[in-house]
Amino acid sequence: GEMALLFRQPRAATIRTAEETKLWTIHRTQLTKVSQASLRQKLKLYARMLDKIDLFSESSEEGREQAADALVETTFLSGEYVVRQGEIADTFYILLRGEVAVEIDGKVTTKISGTMNNLSAEELLSGEHIPDLVYFGERALLMAERRAASIIALGQQVVLLAMHRGTFEDLRRGMRRDSRRRRSDELMSHTATLRQRETLLTGALTAMGDTFSREVLQRTLSADASSDSEIEEEVCFQ
């Protein structure tokens, strides 16, 4: 009965008892609360996992949470191709459980296992001990290349998190924007400090009134202006 409650749809079938039966029931409201709590816990875990990946470690918490919400848990069976060499790339993958083979030009070159194979569902959802993650597919997205190798599922089942190109690019774009904003804030703070120093030095050295004091002021302001220019150039470059 959960599908009709979760998706607010009419019952798809009739259930009749074949003998005397005892049932536990749960109201729609409670079921929704439990489902949402579980989903929030899983999305929080996904966001922490993204933070463990170097590609996204500098992204904002908000950006990781949005990307986590877009991750899709995908299952492949033994022998199925996750990606094929030469195809156009549109997805980034994180390997959670199972083992995959890397195949280049028809030959298996290596095998990779998920780092969460030995974690229970409770340990995984707790998010307390997130190991280094195995991921693939980023190069083709970053470099706008076709897949350099095929990835084939091994064993009974392989579980992956899939991130579509659009989400991947949005997260990377947000990282660049955040980086520019941080450098811009640093420049503004540095400029404010220089202006404050200029005011103090001008007042102090003007009071002294000799040629040496004016030369010191000019050298100090010149050095500060040079430093300010370097920071501004770095922000523009980024």
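Before reading on, note that the structure itself is shown above.
Cut-off values and rules
- Residues numbered from 1 in each chain as written.
- Predicted model: local features only at pLDDT ≥ 70, side-chain atom pairs only at ≥ 80, totals over all residues.
- Heavy atoms only, no water.
- Salt bridge = Lys/Arg side-chain N within 4 Å of Asp/Glu carboxyl O.
- Helix = DSSP H or I, 4+ residues; strand = E, 2+ residues; numbered from the N terminus.
- Buried < 20%, exposed > 50% of the residue type's maximum accessible area, 1.4 Å probe, protein only.

Peer 1: Summarise the pattern of salt bridges; cite the residues concerned and give the values.
Peer 2: Here the structure, examined in full by the defined rule, presents six salt bridges. For K52, the salt bridge goes to D132, with nearest N and O atoms at 3.9 Å. Of this pair, K52 sits in the loop between α2 (28–51) and α3 (61–70) while D132 sits in the loop between α4 (121–126) and β5 (134–136), and the two are 80 residues apart along the sequence. Between R139 and E145 there is a salt bridge, with the nearest N and O atoms lying 3.3 Å from each other. With a relative accessible area of 52%, R139 lands in the exposed category. E145 gets classed as partly exposed once you look at its relative accessible area, which sits at 30%.

Peer 1: Give me the lowdown on the environment of T29, citing residues and values where you can.
Peer 2: For T29, the position within the fold is in helix α2. By relative accessible area, T29 is classed as partly exposed at 36%. Residues T29 and L5, spaced 24 residues apart in sequence, show a C-alpha to C-alpha distance of 9.1 Å.

Peer 1: So what's going on with unusual backbone geometry? Which residues, and what values?
Peer 2: One can expect most non-glycine residues to show negative phi and most peptide bonds to be in trans. Residues other than glycine seldom take positive phi values, yet D105 does so here, at roughly 55°. In this fold, D105 is placed in the loop between β3 (91–104) and β4 (107–113). With relative accessibility at 64%, the residue D105 sits in the exposed group. In this model, A144 sits at a positive phi of 55°, which is unusual for a non-glycine residue. With respect to the element layout, A144 can be found in the loop between α5 (138–143) and β6 (150–164). The class for A144 is exposed, based on a relative accessible area of 66%.

Shape is all these values report; function is a separate question.
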